[in-house]
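Structural description and commentary
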Amino acid sequence: MDKRSFKSRYQLACNRKSFLGLTRESALKGLFGGNAFVSIVVLGLITLFLFKEGAGFFGQYRDSLLLYRQSGLEYVELMRGQQNALSALTRYLNSIRSRQVEKLAEEGYDFQESRAITEESEDFFYDFEDLAVPLREHVIEANEILSAARDSYQEMQNLSEHRKSLLESGRQDEADALEIREIDFALFFDIVKSRESEYIEINENLIRGIEEILPSVPYFGDAELQAKTERFKELAEMFIEEVSKFEENVLAWERARSVPISEAFTSFIFGKKWVTNSSIQDWYGLIPLMSGSFLVALVAMFFAVPLGIGAAIYVNQVARSLERDLIKPYIEFISAIPSVVIGFFGIAVFGTLIREVSGWESLAWIDFFPISERLNAFTAGGLLALMAIPTIFTLAEDALNNVPLSYKEASMAMGSTRLQTILRIIVPTALSGIISAVLLGFGRVIGETMVVLLCAGNRIEIPRFAEGIGVVFEPVHTMTGIIAQELGEVVHGSMHYRALFMVGLVLFLISLLINYFAQKIVMKFQISRG
Amino acid sequence: MSLVSLRLQKEIKMDTPAVDSQRVDRNRPLIRISDFDFSYGDKQALFDINMDIAEHKVTAFIGPSGCGKSTLLRCLNRMNDLIESARINRGKVEVNGVDIYDERVDATELRKRIGMVFQKSNPFPKSIYENVIYGLRIQGIKKKSQLDETVERCLKGAALWEEVKDRLDTSGLSLSGGQQQRLCIARAMAVGPEVLLMDEPCSALDPVATAKIEELIHELKNDYTIVIVTHNMQQAARVSDQTAFFYMGNLIEMNATDQIFMSPDKEQTEAYISGRFG
Ligand SMILES: Nc1ncnc2c1ncn2[C@@H]1O[C@H](COP(=O)(O)OP(=O)(O)OP(=O)(O)O)[C@@H](O)[C@H]1O
Ligand SMILES: [Mg+2]
């Protein structure tokens, strides 16, 4: 090689176009590397932000629980529990009464006649209702005293905040003008506590009263109503037994007990109530939301897993290429439908349809039919299934596609049928891929917001799983739904605001776990194959 | 062999009076391909193939890449049914006088009679034991003693028994390439075929493993009719009784192996064997 050609080659290498001192290659590298870097940083920041906003929650929640205890409102709540049990009993009695009126109307009695008949049993109803009055009044009084104390405490709290800010801005005299009193909860609570003997007496009278009038439960002669009154008697007797338990708890309650931070934590994670803007006490318990989310997700998976995997197997193994070209884009297209449109469809069509179907005569043998709520976990779950199917389908189809063709050929060459090949070779080989497809589909469903917000019914209560399968037709609220619904209205930095962030954090952790396991499974799959 | 004809006849209830008289004739071909045209979609891959494959003989298919050897081999047990675009335009393939492409023939039944070993060893991701008995499992056979007996017999038949008898529970994928190929042969044998189709069974193996398989083919000849595709002239010469030479979808020449390698009739065959093209 002569000198000149060497030089020109050398120059060629140097003359590569450069911009700001970057060659094209390093610019490209920088561009893509930079993108990856930015997305990692953004993700990190989001996580950090979630933690930061959520972290303050437990401290605030503990303070709130502490105030609840120190002000004695917790004590009142215990008595209110008893009062609620009694009201439930009264409500049951009323339901008997209205059923009686209904029956009479069905039998063709006019208003006057049925009045005459119901009058006979009326006394009993009124007597029973009267029994509940003293307890109710006692609770109301106690509550009034203690809430007043709590409210003025909060007022003072606000005042001293105000004073602090005044002092900081140097307005000494204005600050001095503020009159800040110390609120001693003990004083107020002692008033309530001193009436404990009244409470005990009320209970004694209550029990005696119920026992006295119970034998005079009206006799209806009608089998259905009679069964109901029998049940009422049982419930009343159960209540009588419970009274002593309520009383015990009330008497044993101590105002001075402190609230450790762990209690704030457990009453968030395992809390059974989510109550906001309450005049008594706000509760931020995760269980109603979490159980709602999982119930909806389970319903969705119940439909999406068989359909998604079935479609994947069909398209990958059975369909002719023409069918494949038709089905695949079609299913994948579903995921392009905006979720708000699906939710809209759920409200307008699907929910109504379900309720109508549940009212069919021929389905009356199902004991939870007809359903009362149009929007419930089933409605939301059914629609979410629609959104999970493309995810499961696509990933499961990928997994099936990864099974070497040679396995299929070997199996077929030994005289197995297509079905045997699919069940014994293809699916087992792709199993881990399919499982991770299901997991990721689950993650998709748990994280979906719009559809559940619109279609799940948004009732914040733990679904009654004890009722069996019928539970899926109960309205529920979800973790994603509650964030979307409430975050817009809360005061920035308030306990409620932070509680919502904690819910978001829990969601985030769930998704993280799901993805982690999905990847774990796929990895194991690759190792065992490689 | 009688089993094929019996089974196929039972399937298609076709009375072929010729069978009885032909059964006496030891030289009657087991497989007869006549006037066979085959195409993938619009692309014709085989042109007017006429060929007889004799029982208990090893027949080798040779020819340059893409000439249709694998295609013809896969036509013999209807593996091409799996390919959507595959079409038979003309002619037929008869096994023991029965047209295997008759619509009344059950392809899965046919494939149990005509087994196949592939170019790239493809054991299932299951244990060695499960690999061998897969063919029995799909037939619903559960008797442990029968399964055990089959595993031992087939692994011995494939000259693999001594190497793996202590680790039948390990994955078939943990074996070496040559062992995997012998496992595939054992697996094909377990179904009890009469014909074994082998598509370049040694192309991924080293000389030692290749020698083992060739030796095995020699022994299998007693029980099976073997058709083998190979790119290795020496191998064809060593193991086969008859050799067929293909070129661009046509069967150029078929004859006894000695004849083909010593004094081929056709110019093209001569050229290919001596390495002048291909
Ligand atoms: N599945 C298929 N679809 C379409 N065309 C195919 C298919 N399989 C094979 N062919 C075509 O058919 C022709 C014959 O292929 P075949 O595999 O039979 O060749 P071969 O002789 O086995 O070659 P090699 O020695 O390389 O294995 C080739 O032109 C090939 O492109
Ligand atoms: Mg080939």
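Residues numbered from 1 in each chain as written. Chains lettered and ligands numbered in written order. Predicted model: local features only at pLDDT ≥ 70, side-chain atom pairs only at ≥ 80, totals over all residues. Heavy atoms only, no water.

What about the overall build of chain A?
Of regular secondary structure, chain A possesses 19 helices and 4 strands. The C-alpha radius of gyration of chain A comes to 33 Å, more than 25% above the 24 Å expected for a compact globule of 530 residues. Expressed as lengths along the three principal axes of its C-alpha atoms, the size of chain A is roughly 120 × 80 × 40 Å. Across the 530 residues in chain A, those meeting the buried criterion constitute 42%. Summarising the internal contacts of chain A: among those between residues at least 6 apart in sequence, 78% fall at separations of at least 24. Only carbon and sulfur atoms are counted for the fraction: they give 60% of the accessible area of chain A, which is about 29,600 Å². Of the side-chain charges in chain A, 49 are positive and 66 negative, and the distance between the mean point of each set is 20 Å. (Helix = DSSP H or I, 4+ residues; strand = E, 2+ residues; numbered from the N terminus. Rg over C-alpha atoms; globule rule 2.2 N^0.38 Å. Buried < 20%, exposed > 50% of the residue type's maximum accessible area, 1.4 Å probe, protein only. Contact = heavy atoms within 4.5 Å. Areas by Shrake-Rupley, 256 points an atom, 1.4 Å probe, with all protein chains shown as cover. Lys, Arg positive; Asp, Glu negative; His and termini not counted. Charge placed at Lys NZ, Arg CZ, Asp CG, Glu CD.)

Observations regarding the site of ligand 1
All names here are of chain B. By nearness alone, 13 residues border ligand 1, and Lys43, Ser65, Ser70, Thr71 and His231 come closest of all. Measuring from an oxygen atom of ligand 1, one finds a side-chain N or O atom of serine 70 at 2.6 Å. Interatomic distance of 2.6 Å between a side-chain N/O atom of histidine 231 and an oxygen atom of ligand 1. Protein contact buries 65% of the 630 Å² of open area that ligand 1 shows by itself. Only strand 2 (43–54) and helix 3 (69–76) provide two or more residues apiece to the shell around ligand 1. Per-element tally for the shell around ligand 1: the top contributor is helix 3, with 3 residues. (Near = heavy atom within 4 Å. Polar contact = N/O pair within 3.5 Å; in protein donor to acceptor, adjacent residues only side chain to side chain.)

Considerations on the nonpolar core
Within the largest apolar cluster, 162 residues are counted, with the highest numbers of intra-cluster contacts made by B:Met51 and B:Phe61. With 14 residues, helix 14 (residues 377–401) of chain A is the single largest residue contributor to this core. Residues from two domains meet in this core; each of domain 2 (69–263) and domain 3 (297–487) of chain A gives at least three. In this structure B:Phe61 touches B:Met51, B:Ile53, B:Lys69, B:Leu72, B:Leu73, B:Val227, B:Ile228, B:Val229, B:Thr230, B:Ala244 and B:Phe246, once residues within four positions along its chain are discounted. Counting 45 residues, the second-largest nonpolar core is a separate cluster that includes B:Ala60, B:Val132, B:Trp161 and B:Met198. (Core = buried A, V, L, I, M, F, W, Y, C linked by side-chain atoms within 4.5 Å. Domains from an automatic or database assignment.)

What about the packing of aromatic side chains?
All names here are of chain A. A complete count under the given rule lists 33 aromatic pairs over all chains for this structure. Relative to phenylalanine 442, the ring of phenylalanine 294 lies with its centre 5.9 Å away and its plane at 40°, an arrangement referred to as tilted. Placement of phenylalanine 294 in helix 11 (residues 287–318) and of phenylalanine 442 in helix 16 (residues 418–447) is noted, with a sequence separation of 148 residues between them. On the basis of relative accessibility, which here comes to 29%, the residue phenylalanine 294 falls in the partly exposed class. A residue is classified by how much of its surface remains accessible, and phenylalanine 442, at 16% relative accessible area, is buried. (Phe/Tyr/Trp six-rings, centres within 6.5 Å; stacked < 30°, edge-to-face > 60°.)

Observations regarding the interface of chain B and chain A
Accessible area lost upon the coming together of the parts serves often as the stated size of an interface. Each partner contributes residues to the interface: chain B has 24 residues there, and chain A has 21 residues. Around 1,900 Å² of area is buried between chain B and chain A when both sides are counted, 62% of it from carbon and sulfur atoms. The three residues of chain B that bury the most area against chain A are B:Glu84, B:Tyr134 and B:Ile138, which together make up 28% of that side's buried surface. In this assembly, chain B and chain A are joined by 1 salt bridge. Between A:Glu409 and B:Arg74 there is a salt bridge, with its nearest N and O atoms 2.8 Å apart. For the pair chain B and chain A, the number of links is 6 residue pairs in polar contact (both at pLDDT 80 or more). Looking at the side of chain B that touches chain A, the elements that each hand over two or more residues are helix 4 (107–113), strand 6 (114–117) and helix 5 (128–138) of chain B. Counting residues per element, the side of chain B that touches chain A draws most heavily on helix 5 of chain B, at 4 residues. Per-class residue counts for the side of chain B that touches chain A are 12 nonpolar, 5 polar and 7 charged. (Buried area = accessible area lost by both parts, 1.4 Å probe. Salt bridge = Lys/Arg side-chain N within 4 Å of Asp/Glu carboxyl O. Nonpolar A, V, L, I, M, F, W, Y, C, P; charged D, E, K, R; others polar.)

Some points on the layout of surface pockets
If you add up the space inside the largest pocket, you get close to 720 Å³. The set of elements that each furnish at least two residues to the lining of the largest pocket consists of helix 2 (24–70) and helix 5 (133–168) of chain A. When residues in the lining of the largest pocket are grouped by element, the largest group, 7 residues, is from helix 2 of chain A. Of the residues assigned to the lining of the largest pocket, the class counts are 6 nonpolar, 11 polar and 4 charged. Considered as a void within the structure, the second largest pocket measures approximately 530 Å³ in volume. What lines the second largest pocket is a set of 21 residues, among which A:Gln317, A:Lys408, A:Arg418, B:Leu82 and B:Glu84 lie closest to the centre. Contributions of two or more residues to the lining of the second largest pocket are made by helix 11, helix 14, helix 15 (405–413) and helix 16 of chain A. Here the lining of the second largest pocket is built from residues that sort into 9 nonpolar, 3 polar and 9 charged. (1 Å grid on protein atoms, 1.4 Å probe; cavity = no way out; pocket = protein on both sides within 12 Å on 5 of 7 lines; lining within 4 Å. Points joined across faces, edges and corners; volume = space filled by probe spheres on them.)

Re helix 8 (residues 177–190) of chain B
Residues and elements named next belong to chain B. Taking 1.5 Å per residue, 14 residues should reach 20 Å; helix 8 reaches 20 Å between its end C-alpha atoms and fits that length. Extensive coverage of helix 8 is indicated by the burial of 13 of its 14 residues. Downstream of helix 8 by a residue or two, glycine 192 has a phi angle that is positive, lying close to 80°. (Expected span 1.5 Å × (residues − 1).)

So, the confidence of the model for chain A
Looking at chain A, pLDDT values average 87 and 95% of them are 70 or higher. Summarising per-element confidence for chain A, the mean pLDDT is lowest in helix 1 (residues 3–14) of chain A (53) and highest in helix 11 of chain A (95). (pLDDT = per-residue confidence, 0-100.)

Focus on the pairing of strand 10 (residues 250–256) of chain B
Residue and element names in this part refer to chain B. The sheet contact formed by strand 9 (residues 242–247) and strand 10 spans 6 bridges and is antiparallel. Across the sheet, residue glutamine 242 finds its bridge partner in strand 10, namely alanine 256. Taking the residues between adjacent antiparallel strands as the criterion, strand 9 and strand 10 are bridged by 2 residues, where methionine 248 takes a positive phi near 50°. (Pairing = 2+ DSSP bridges.)

Quick notes on the domain arrangement of chain A
With domains assigned, chain A is organised as domain 1 (3–55), domain 2 (69–263) and domain 3 (297–487). The gap between the C-alpha centroids of domain 1 of chain A and domain 2 of chain A is 69 Å.

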